[in-house]
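# Survey of secondary and tertiary structure
The chain contents come next:
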Amino acid sequence: MINNASLRQEALKKLIKDIHGGMPLEQAKRIFKEQFNDVSTDEIIQMEQSLIDEGMTVNEVQSLCDVHAAVFDGSISDIHKPKQLSDVLGHPVQVFLSENTRMEALISEEIQPHLSEPSKSGRLMLEVAFERLWEIDKHYMRKENLFFPVLERKGNDTIPKVMWGVDNEIRSDFKALLKLFRDKSVSESLIVEKAKALIERIQDMITKENNILMPLLVDSLKMIDWILIDKESDEIGYFLDIKKYDWATQELTNDTDEEEVVMGKDDIPFDAGSLSALEINQIFNTLPLDITFVDKDGHVKYFSQGKERIFSRPKTVLGRHVNKCHPPQSVHVVEEIVNSFKNNEKDVEDFWIKMKDQFVYIRYFAIRDKNNQFLGTLEVTQNIQPIRELEGEKRIVEK
């Protein structure tokens, strides 16, 4: 058994590199058991960060994420750490872990019984079960938008980068499988094959969430972090359930009356007229579109809070670098847009996508001062489907 800390790190890295080079998983498990009694959450995090520092890309580490879970499962020495908070009803840790328990139950009771012998009836049952399991998207969104920003502010961005990338791969596999269900020409055997592969990835992620992410969060987050996470969770939603206990309400003792503070401020002058801070806030929140402002250094500084939100914007993203507000696969596009604004190459960039019954128009604007100095980037998002459907005229004053 290896007990020296630096030697353990090197041995862990070598094992992962060997797996990356093609070592069979069973052989890796055997070597792990021979060299280590267990491995701590911190050791896994340090190992992954060290691999990245040495030149392994985030995508390569991400591709090994499921392998890590399989090799280390049951051997992580500090998995007891989240237990105390997991017993506090309504606490974000308790809610998150209970969702993982419900996922495992759904997989065990509604999916696995239909994976042994492919049949048309089993295919239908699988489709219904996977449609329910797709609510895992809300679980991942809370993790990515509420947990990860806090970890990043505390200096740990390896776990968020790797996990978010794997989450998106699971989402892609999920969407592909649901599409196969709807294609009647696809055989039941192919459905089962893809379903088994997806379930294995989901279960591996549950292992990493329970045994690595949760202990890390418990060690890193303060009470105020958990309160903010709890307050922002409802907007994103939960996996096949609603939150039954309002844990944060009991913890909030020093909240400031936001409206009273805003009302106490003097009007702010503009090029034409002036507005109070309260008026500005309510005007932006009334506009039929979502506004997000990223400052010149790339940090999210503001977003509007309208009634009809298109994309989730929890307050935990405030102060977060814009590169970390997008999945790894699309970061390069964001960087290109922002750099084109900084270099005065462009003033605006447009995108448009279909989302169910919405046609979403996404516009990015370079914000500059009167001397053409770059101040930041404004994102404006609007559902323009109702506008596209307009016909004829409707005048305030009839002809």
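Look above for the structure.
What comes next concerns the included structure. (Residues numbered from 1 in each chain as written. Predicted model: local features only at pLDDT ≥ 70, side-chain atom pairs only at ≥ 80, totals over all residues. Heavy atoms only, no water.)

## Thoughts on the overall build of the protein chain
Using the following cut-off: In DSSP terms, a helix is any run of H or I states spanning at least four residues, a strand is any run of E spanning at least two, and both are numbered starting from the N terminus. Type-normalised accessible area, obtained with a 1.4 Å probe on protein chains alone, sets the label of each residue: buried when under 20%, exposed when over 50%, and partly exposed for intermediate values. In what follows, a contact means two residues having at least one pair of non-hydrogen atoms within 4.5 Å. Here the open area of atoms and residues is found with the Shrake-Rupley method and a 1.4 Å probe, where only the protein chains shown may cover a residue.
Across its full length, the protein chain carries 17 helices and 7 strands. Burial analysis of the protein chain (399 residues in total) assigns 44% to the buried set. For the protein chain, long-range pairs separated by at least 24 residues make up 65% of all intrachain contacts whose partners lie at least 6 apart in sequence. On the protein chain, roughly 22000 Å² of surface is accessible, and the fraction owed to carbon and sulfur atoms is 51%.

## So, the pattern of salt bridges
Put simply, the rule is: Salt bridges, as used here, are contacts in which a Lys or Arg side-chain nitrogen is within 4 Å of a carboxyl oxygen on Asp or Glu.
Applying the stated criterion across every chain, the model contains 25 salt bridges. Ionic pairing is found between glutamate 135 and lysine 138, a salt bridge with its closest N-O pair at 3.4 Å. Through salt bridges with shared partners, a single ionic network connects Asp137, Glu144 and Arg171.

## Some remarks on the nonpolar core
How we decide: Within this scheme, the nonpolar core is defined by two criteria: the residues are buried Ala, Val, Leu, Ile, Met, Phe, Trp, Tyr or Cys, and they are joined through side-chain atoms within 4.5 Å.
With 65 residues, the main nonpolar core has Ile111, Phe130, Leu133, Phe147, Ile202 and Leu213 as its most contacted residues. Considering each element in turn, this core owes the most residues, 13 residues, to helix α11 (residues 188-220). Counting 8 residues, the second-largest nonpolar core is a separate cluster that includes Ile310, Ile337, Phe341 and Tyr364.

## Notes on the pairing of strand β7 (residues 374-383)
So the rule is basically this: Strands qualify as paired when DSSP identifies two bridges or more between them.
A large share of β7 lies buried, amounting to 7 of its 10 residues. Looking at chain direction, strand β6 (residues 358-368) and β7 are connected through 9 bridges and run antiparallel. In the sheet register, arginine 368 faces β7, and the bridge partner there is phenylalanine 374.

## A few points about helix α2 (residues 25-35)
Test applied: Taken from the helix axis, the directions to the C-beta atoms give the arc we talk about.
All of the buried residues along α2 are Ala28, Ile31 and Phe32. End-on, the buried residues of α2 take up no more than an arc of 105°, which puts them together on one face. The exposed set on the far side of α2, more than 90 degrees from its buried face, consists of Glu26, Lys33 and Glu34.

## Remarks on the environment of glutamate 279
Our working rule: The definition of a polar contact used here is a pair of N or O atoms within 3.5 Å, where within protein one atom must be able to donate a hydrogen and the other to accept one, and adjacent residues in sequence count solely through side-chain atom pairs.
In this fold, glutamate 279 is placed in helix α15 (residues 277-286). Overall, the relative accessible area of 39% leaves glutamate 279 in the partly exposed class. Between the C-alpha atom of glutamate 279 and that of aspartate 267, which follows or precedes it by 12 residues, the distance is 9.1 Å. Within the structure, the side chain of glutamate 279 is placed 2.8 Å from the backbone nitrogen of serine 276, a separation counted as a polar contact.

## Quick notes on the pairing of β6
Bridge count for strand β5 (residues 348-355) against β6 is 8 bridges, and the pairing is antiparallel. Bridging from a neighbouring strand, glutamate 349 pairs with tyrosine 364 of β6. If you look at the hairpin formed by β6 and β7, you'll find 5 residues sitting between the two strands, and asparagine 372 has a positive phi there, around 65°.

## Some words on the packing of aromatic side chains
The test is simple: Ring pairs shown here join Phe, Tyr and Trp side chains whose ring centres sit within 6.5 Å, with only the six-membered ring taken for Trp; geometry is labelled stacked below 30 degrees between planes, edge-to-face above 60, and tilted in between. When the NZ atom of lysine or the CZ atom of arginine is within 6 Å of a ring's centre and also within 35 degrees of its normal, the charge is said to sit over that ring.
As enumerated under the stated definition, the model contains 8 aromatic pairs in all. Aromatic rings pair up to connect Phe130, Trp134, Phe174 and Phe181 into one cluster. For the cation-ring pair, arginine 388 lies above phenylalanine 359, with the distance from its terminal atom to the ring centre recorded as 3.8 Å.

All we've got here are geometric facts, nothing functional implied.
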